[in-house]
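# Architecture and fold: a report
Letter by letter, the chains look like this.
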Amino acid sequence: LSHSSSTSSVISTDSDTPSGHTPFKSSDSYVIKVSMDNSQNDTAHVYKSIMLMNSDHTHTVIDKVLEKYGIEGRSENYCLLQLLPDGELLIPDRANVFYALNNQVEPQFILRTRQEYDAIREKEKRKGRRKRAKQLTI
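Okay, so let's go over this structure. No experiment lies behind these values; they were computed from the predicted model shown. (Residues numbered from 1 in each chain as written. Predicted model: local features only at pLDDT ≥ 70, side-chain atom pairs only at ≥ 80, totals over all residues. Heavy atoms only, no water.)

A few words on the nonpolar core. In terms of nonpolar packing, the biggest core is built from 20 residues, with Ile32, Val34, Leu52, Val65, Leu80, Phe109 and Leu111 touching the most fellow members. Contributing elements (two or more residues each) for this core: β2 (29-37), β3 (47-53), α2 (58-69), β4 (78-84), α3 (97-100) and β6 (108-113). If near-sequence neighbours (up to four positions away) are discounted, Ile32 is found in contact with Lys48, Ser49, Ile50, Leu52, Val61, Pro107 and Phe109. (Core = buried A, V, L, I, M, F, W, Y, C linked by side-chain atoms within 4.5 Å. Buried < 20%, exposed > 50% of the residue type's maximum accessible area, 1.4 Å probe, protein only. Helix = DSSP H or I, 4+ residues; strand = E, 2+ residues; numbered from the N terminus. Contact = heavy atoms within 4.5 Å.)

See below:
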């Protein structure tokens, strides 16, 4: 698809847009915001816009993000997480991202290396164990 044809069906941001629709969303695509989260990247708060099609699987989206950021890497070394008001939603490796995302919130994502993701999860587990141990001793 050319850029013009891929965005031509995207709903505009006019004020008379029906309340059930969001800007940059159609029945077969979303424009999502994705940022990189890694210690070597000073642009952790900068995001790139990615056109998400209804046929895009996790590895495809990760490849698009890596390309946008100019990073050479393999998609299996990264994980894609949707940012939610109460935390993060890990998008499964073999998921169709269009259907896996929570569409009740703005589609904002973060891309982490698997190593970073695993380290964060391990830290949360240890923190949870300490909290439970404190509760048991009270």
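Within the element layout of this structure, Asn96 appears in the loop between β5 (87-90) and α3. Exposure remark for Asn96: the relative accessible area of 19% places this residue in the buried category. Polar side-chain contacts of Asn96 include one of 2.8 Å to the backbone oxygen of Asn54. Beyond its immediate sequence surroundings of up to four residues, Asn96 is in contact with Asn54, Ser55, Asp56 and His57. (Polar contact = N/O pair within 3.5 Å; in protein donor to acceptor, adjacent residues only side chain to side chain.)

Overall, the coordinates contain seven salt bridges when judged by the stated rule. Salt-bridge contacts for Arg112 lead to Asp37; the nearest nitrogen and oxygen are separated by 2.4 Å. With Arg112 in strand β6 and Asp37 in strand β2, this residue pair connects regions lying 75 residues apart in the sequence. A residue is classified by how much of its surface remains accessible, and Asp37, at 22% relative accessible area, is partly exposed. Of the charged contacts in the structure, one is a salt bridge between Arg112 and Glu88, with a shortest N-O distance of 2.8 Å. One end of the pair, Arg112, is in strand β6; the other, Glu88, is in strand β5, with 24 residues separating them in the sequence. Accessibility expressed as a relative area gives 8% for Arg112, which makes it buried. Relative accessible area serves as the criterion here: at 40%, Glu88 is assigned to the partly exposed category. (Salt bridge = Lys/Arg side-chain N within 4 Å of Asp/Glu carboxyl O.)

So, about the packing of aromatic side chains. Applying the stated rule across the entire model yields two aromatic pairs. Centre to centre, the rings of Tyr30 and Phe98 are 5.1 Å apart; their planes meet at 45°, and the pair counts as tilted. In this pair, Tyr30 is assigned in strand β2 and Phe98 in helix α3, connecting sequence segments 68 residues apart. Residue Tyr30 is classed as buried on the basis of its relative accessible area, which comes to 5%. What makes Phe98 buried here is its relative accessible area of 10%. Taking 5.0 Å as the distance between ring centres and 80° as the angle between the ring planes, the aromatic pair formed by Phe98 and Tyr99 counts as edge-to-face. Each residue in the set Tyr30, Phe98 and Tyr99 is aromatic and connected to the rest through ring pairs, giving one cluster. Geometry around Tyr69 places Lys48 over its ring, the cationic atom sitting 5.3 Å from the centre. (Phe/Tyr/Trp six-rings, centres within 6.5 Å; stacked < 30°, edge-to-face > 60°. Lys NZ or Arg CZ within 6 Å of the ring centre and 35° of its normal.)

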